[in-house]
Amino acid sequence: GENVEQHPSTLSVQEGDSAVIKCTYSDSASNYFPWYKQELGKRPQLIIDIRSNVGEKKDQRIAVTLNKTAKHFSLHITETQPEDSAVYFCAASKGGSYIPTFGRGTSLIVHP
Amino acid sequence: ETGVTQSPTHLIKTRGQQVTLRCSSQSGHNTVSWYQQALGQGPQFIFQYYREEENGRGNFPPRFSGLQFPNYSSELNVNALELDDSALYLCASSRPTGGSYEQYFGPGTRLTVT
């Protein structure tokens, strides 16, 4: 089955800095890669996603890049703010049934 | 548009008991997936239901079972509870037949087994 590795497990940055979280996946058939943000005690929320036919996608301060050959994808957050502090999960899935495999999460801490 | 809801919010059970968790999918969504999230971990896929049929299952024993109803709401049943079943149980709804892979999570049920 699919295996998703996520790094780092913890990321501490100063407000205004950029943050990058990286994930690798094992199944070359995976074609959909969402990212979720989970604040303490709350549900995971989809923040951005990318499909395998696209190399990069941006939404304001957030961007995701995908390298299908290397089987890795990354989340980039620019101009970080304290409210960006949360746990971020990457996931990978394939086919139309959408059964994702999640990474173990990255705890992002943005210091004011 | 109504979001995904789950009940109850919290639950405390004793080892060996049985539990039923409930999920109402987002309006227009016909697929419900259930996940177990242990503390400090990512969500682990339990199973998925599409139009009342199980559409995929993760690496969980048969004592984890589910149902989906005609209105696309769903239940997760766990028999013979074990201490390791203590976790946050999340359901998520989606509508993959519409070409959309986005999945939306409910607030979760925190299950504690003592």
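Everything below is about the structure shown above.
Residues numbered from 1 in each chain as written. Chains lettered and ligands numbered in written order. Predicted model: local features only at pLDDT ≥ 70, side-chain atom pairs only at ≥ 80, totals over all residues. Heavy atoms only, no water.

1. What about the overall build of chain A?
Here comes step 1: When its secondary structure is counted, chain A shows 0 helices and 11 strands.
Here comes step 2: Shown N-terminal to C-terminal, the secondary structure of chain A runs as helices and strands in the order β-β-β-β-β-β-β-β-β-β-β.
Here comes step 3: For the C-alpha atoms alone, the extent of chain A along its principal axes is close to 40 × 30 × 20 Å.
Here comes step 4: Evaluated residue by residue, chain A yields a buried proportion of 43% over its 112 residues.
Here comes step 5: For chain A, restricting intrachain contacts to residue pairs at least 6 apart in sequence, the fraction spanning at least 24 positions comes to 53%.
Here comes step 6: Total accessible area on chain A stands at roughly 5,500 Å², and carbon and sulfur atoms take up 47% of it.
Here comes step 7: One way to put it: in chain A the 12 positive side-chain charges average out to a point 7 Å from where the 12 negative ones average out. (Helix = DSSP H or I, 4+ residues; strand = E, 2+ residues; numbered from the N terminus. Buried < 20%, exposed > 50% of the residue type's maximum accessible area, 1.4 Å probe, protein only. Contact = heavy atoms within 4.5 Å. Areas by Shrake-Rupley, 256 points an atom, 1.4 Å probe, with all protein chains shown as cover. Lys, Arg positive; Asp, Glu negative; His and termini not counted. Charge placed at Lys NZ, Arg CZ, Asp CG, Glu CD.)

2. Some details on the packing of aromatic side chains
Here comes step 1: Counted under the stated rule, the structure contains 12 aromatic pairs over all chains.
Here comes step 2: Taking the centre distance of 5.9 Å and the plane angle of 65° together, the rings of Y35 of chain B and F45 of chain B count as edge-to-face. Taken together, the positions of Y35 of chain B in strand 4 (residues 31-37) and F45 of chain B in strand 5 (residues 44-50) put the pair 10 residues apart, joining distant regions of the chain.
Here comes step 3: An aromatic cluster is built from Y36 and F102 of chain A together with Y35, F45 and F105 of chain B, whose rings are joined through pairwise contacts. (Phe/Tyr/Trp six-rings, centres within 6.5 Å; stacked < 30°, edge-to-face > 60°.)

3. Brief notes about the sheet that holds strand 6 (residues 56-59) of chain A
Residue and element names in this part refer to chain A.
Here comes step 1: Taken in spatial order, the 5 strands make up an open sheet running 1-3-8-7-6, and their pairing is antiparallel. Two strands in the sheet have a free side with no partner beyond their single neighbour: strand 1 (4-7) and strand 6. Across the sheet, the axes of successive neighbouring strands diverge by a mean angle of 15°, strand direction being ignored.
Here comes step 2: Of the strand pairs in this sheet, strand 7 (residues 62-67) and strand 8 (residues 72-77) are connected by 6 bridges, and their pairing is antiparallel. Its bridge partner lying in strand 8, T65 is registered against S74. (Pairing = 2+ DSSP bridges. Axes fitted to C-alpha atoms, helices over the stretch in contact; angles between N-to-C directions.)

4. What to know about empty space enclosed by the protein
Residues and elements named next belong to chain A.
Here comes step 1: For the structure shown, the criterion picks out 1 cavity of 30 Å³ or more.
Here comes step 2: A volume near 30 Å³ is recorded for the largest cavity.
Here comes step 3: Lining the largest cavity, in full, are K37, Q38, E39, K42, R43 and Q45.
Here comes step 4: In the lining of the largest cavity, the residues fall into no nonpolar, 2 polar and 4 charged. (1 Å grid on protein atoms, 1.4 Å probe; cavity = no way out; pocket = protein on both sides within 12 Å on 5 of 7 lines; lining within 4 Å. Points joined across faces, edges and corners; volume = space filled by probe spheres on them. Nonpolar A, V, L, I, M, F, W, Y, C, P; charged D, E, K, R; others polar.)

5. A few points about the state of the cysteines
Here comes step 1: This structure, assessed with the given rule, holds 2 disulfides over all chains.
Here comes step 2: Between C23 of chain A and C90 of chain A runs a disulfide, and the two sulfur atoms are separated by 1.9 Å. Looking along the S-S bond of the C23 of chain A-C90 of chain A disulfide, the torsion reads about -100°, which is the left-handed sense. A residue pair is termed long-range when its members are at least 10 positions apart, and C23 of chain A in strand 3 (residues 19-25) and C90 of chain A in strand 9 (residues 86-92) qualify at 67 residues. Judged on exposure class, the residue C23 of chain A and its partner C90 of chain A are both buried.
Here comes step 3: Across the disulfide from C23 of chain B sits C91 of chain B; the S-S distance is 2.0 Å. The disulfide joining C23 of chain B to C91 of chain B has a torsion of about 75° about its S-S bond and is therefore right-handed. (Disulfide = S-S within 2.5 Å.)

6. Quick word on the pattern of salt bridges
Here comes step 1: What the rule picks out here adds up to 8 salt bridges over all chains.
Here comes step 2: For the salt bridge of E39 of chain A with K37 of chain A, the shortest nitrogen-to-oxygen distance reads 3.8 Å.
Here comes step 3: Close ionic contact of D49 of chain A with K57 of chain A constitutes a salt bridge, the shortest N to O distance being 2.8 Å.
Here comes step 4: Here K57 of chain A falls in the partly exposed class, since its relative accessible area comes to 35%.
Here comes step 5: Where salt bridges share partners, they join R63, E82 and D85 of chain B into one cluster. (Salt bridge = Lys/Arg side-chain N within 4 Å of Asp/Glu carboxyl O.)

7. Here's the deal with the environment of R104 of chain A
Here comes step 1: Within the fold, R104 of chain A resides in the loop between strand 10 (101-102) and strand 11 (106-111).
Here comes step 2: Overall, R104 of chain A belongs to the exposed group, its relative accessible area being 56%.
Here comes step 3: C-alpha separation for the pair R104 of chain A and W35 of chain A, spaced 69 residues apart in sequence, amounts to 12 Å.
Here comes step 4: Those residues in contact with R104 of chain A that lie beyond four places of it in its chain are Q6 and F89 of chain A together with G40, Q41 and G42 of chain B.

All we've got here are geometric facts, nothing functional implied.
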